[in-house]
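# Coordinates in review
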Amino acid sequence: MASDPSFDPQRADLVVGVLGAGAMGRGIAQVAAAGGMHVLLHDAKPGSAAEAREFIGKMFQRAAEKGQLSEADAAAALGRVEVIDSTAGYSRCHLVVEAIVENLAVKQQVFAELEQIVSPDCILATNTSSLSVTTISAKLKTAHRFAGFHFFNPVPLMKLVEVIDGVQSAPWVGDALMVIGKRMTREPVRCVDVPGFIVNQVGRGFTIESAHMLQESLAGIVDIDRVMRDVGGFRMGPFELMELTGLDVTQPASEAIYQQFYDEPRYRPVMLMRARYEAGVLGRKTKRGFYEYDAEMKPIVAPEAPAPDASPASVWVSPAEPHGFEALTALLSKLGATVERGDAPSAGALIMVTPYGTDATHCAVEQGLDPKRTVAVDTLFPLVKRRTIMGTPLTDPAMIAAAHGLLASDGASVTVLRDSPGFIAQRVVAMICNIGCSIAQMKTASPSDIDKAVTLGLNYPHGPLKFGDVVGVERIHAVLSNMYRIYGDPRYRPNVWMTRRAKLGVSLLTPE
Ligand code: NAI
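Residues numbered from 1 in each chain as written. Predicted model: local features only at pLDDT ≥ 70, side-chain atom pairs only at ≥ 80, totals over all residues. Heavy atoms only, no water.

Ordered in space as S3-S2-S1-S4-S5-S6-S7-S8, the eight strands form an open sheet in which the pairing is mixed. Two strands bound the open sheet, and with one partner strand each, they are strand S3 (81-83) and strand S8 (187-192). Each neighbouring strand pair of the sheet contributes to a mean axis angle of 25 degrees, computed without reference to strand direction. As paired strands, strand S4 (residues 95-98) and strand S5 (residues 123-126) are joined by four bridges and run parallel to one another. In the sheet register, Val96 faces S5, and the bridge partner there is Leu124. Along the sheet, helix H16 (residues 447-458) contacts strand S7 (160-165) and S8; its crossing angle with S8, the most-contacted strand, is approximately 125 degrees. (Pairing = 2+ DSSP bridges. Helix = DSSP H or I, 4+ residues; strand = E, 2+ residues; numbered from the N terminus. Axes fitted to C-alpha atoms, helices over the stretch in contact; angles between N-to-C directions. Contact = heavy atoms within 4.5 Å.)

Structure follows, in structure tokens:
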């Protein structure tokens, strides 16, 4: 194994080979050329690489028209992209990045051939998103100079690149890719080769937990999407996202990650997604998925029903959760509600509870409250645009209507769901956060790289660790602990990384 190579990732004359000129390969070639490197582009399909070069030229031209670079720089950047007719041309490369079909046998075969062509210190890298970097390189004679270099689509717009160390990768290889990634104007993060790396692992929290809630019939597709946008602060709801990606991509990726983690319950896929995948109801690409579409491919969504014209005579808020009690009583006073101050609710009062990870039923029973009058309100997130409520199976519909009417009286939206440990946003954010903690615990990546990868790669409002800090580490830990207690499902057990930081009262980003 080469331990101290003379590889200089900063050298001005660095030559980068890109194999595969499809959606990803052309993007990688573009950013490498924009970063001043010479690029050799090849694709097995005749004419593809030349067509990709033309496409890259148009991209540089467009950037010049927008004033992002001069005409001369655009021409120079395109001049650095050279199409080669065969992989033999890669003998001049210091790095070759593969972005061909996602097939293990084909990738292994291609790298076995490349290994014979390139110089001994040339780095070989794969852009695979779902295969193991270690497995792709397992049969190579020189697996030490192999690593993952995982870009995101569309490459020029998505700044993130994950640099992945396989079991046999020499540290200098990842070190060099971190430097070359920066030269390509990317934001590289470093991680160990595990299924889903960082971004695709964390993304399971968002989509799979949402599908679990749908499977459990807690709320509808549109409700879950609305809550995740309006309460969680996500740019897109989980089902809207899956519509764009397509279940033909999401479902196999989810199943692969679950299997590769030896049936880790946190990643457990959901039956209804498999059924939809089998039925070919995949999303926008099949014009039908979780949503139905009109002729212009706009999702057909019924407008939200107006809030009931109802309000309670008086409200008593349980003080069991001090943070939730404060937040909710402040809001209720602003709404002009009559808030009772006694130790117990009066005979006719609406009873409101503010649980973290506990359903309305457990709150009512454990706190000795009347389940017919108990309504739970999610106070983990600011009570601004949308508020989420749920009753016990015995809650009087008039009490739900009164709570709904009151909480909508300042124009905010209200989502009513069936009784659920953890409402909607609590559950999803807790799962995202827990997966982030598990990645940190395993030292798959540093805490700061985990958050950086997720904010850049998934556009979440915060990285998974910061998200826990923002809503409160103790509270997010309580969400999971209570869900685990009520469901008895290890899917919801909090990771030790989170438990320790909740006990110590410190940030989830605290390294060790
Ligand atoms: P694509 O289908 O757009 O392009 C693949 C290209 O590789 C095609 O032009 C094809 O002719 C060429 N090709 C296939 N076999 C080849 C071979 N043996 N030698 C040379 N060229 C060959 O695929 P895409 O989307 O660009 O994906 C490429 C790789 O990047 C895959 O491993 C994929 O998993 C990964 N990836 C894809 C992302 C995406 O969102 N599309 C995101 C991140 C990674």
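Moving on: the pattern of salt bridges. According to the stated counting rule, one finds 28 salt bridges in the structure shown. Put simply, Arg229 and Glu240 hold a salt bridge, and the shortest N to O gap is 2.5 Å. Pair noted here: Arg229 is in helix H8 (residues 221-230) and Glu240 is in helix H9 (residues 238-245), with a separation of eleven residues, a long-range link. Overall, the relative accessible area of 28% leaves Arg229 in the partly exposed class. In this structure, Asp248 engages Lys285 in a salt bridge whose closest nitrogen and oxygen atoms are separated by 2.9 Å. Here Lys285 lies in the loop between helix H11 (271-279) and strand S9 (315-317) and Asp248 lies in helix H10 (residues 247-260), a separation of 37 residues in the sequence. Under the relative-accessibility criterion, Asp248 is labelled partly exposed at 31%. Residues participating in the shared-partner salt-bridge network are Arg226, Asp230, Glu304, Lys385 and Arg386. (Salt bridge = Lys/Arg side-chain N within 4 Å of Asp/Glu carboxyl O. Buried < 20%, exposed > 50% of the residue type's maximum accessible area, 1.4 Å probe, protein only.)

Let us now look at the state of the cysteines. The full count for this structure, using the stated rule, is zero disulfides. You can see Cys122 has no disulfide; the closest cysteine sulfur is in Cys93, sitting 5.8 Å from it. Residue Cys122 is classed as buried on the basis of its relative accessible area, which comes to 1%. There is no disulfide at Cys437, and the cysteine sulfur nearest it, in Cys433, is 4.8 Å away. By relative accessible area, Cys437 is classed as buried at 0%. (Disulfide = S-S within 2.5 Å.)

Quick look at the site of the ligand now. Around the ligand sit 20 residues in total, of which Met24, Asp43, Glu102, Lys107 and Asn127 are the nearest. Measuring from an oxygen atom of the ligand, one finds a backbone N or O atom of Ile100 at 3.2 Å. In the model, an oxygen atom of the ligand is placed 2.5 Å from a nitrogen or oxygen of the Glu102 side chain. Within the complex, the protein chains bury 70% of what would otherwise be the 840 Å² of accessible surface of the ligand. Those elements that provide at least two residues to the shell around the ligand are helix H1 (23-34), helix H4 (104-117) and strand S6 (146-151). (Near = heavy atom within 4 Å. Polar contact = N/O pair within 3.5 Å; in protein donor to acceptor, adjacent residues only side chain to side chain. Areas by Shrake-Rupley, 256 points an atom, 1.4 Å probe, with all protein chains shown as cover.)

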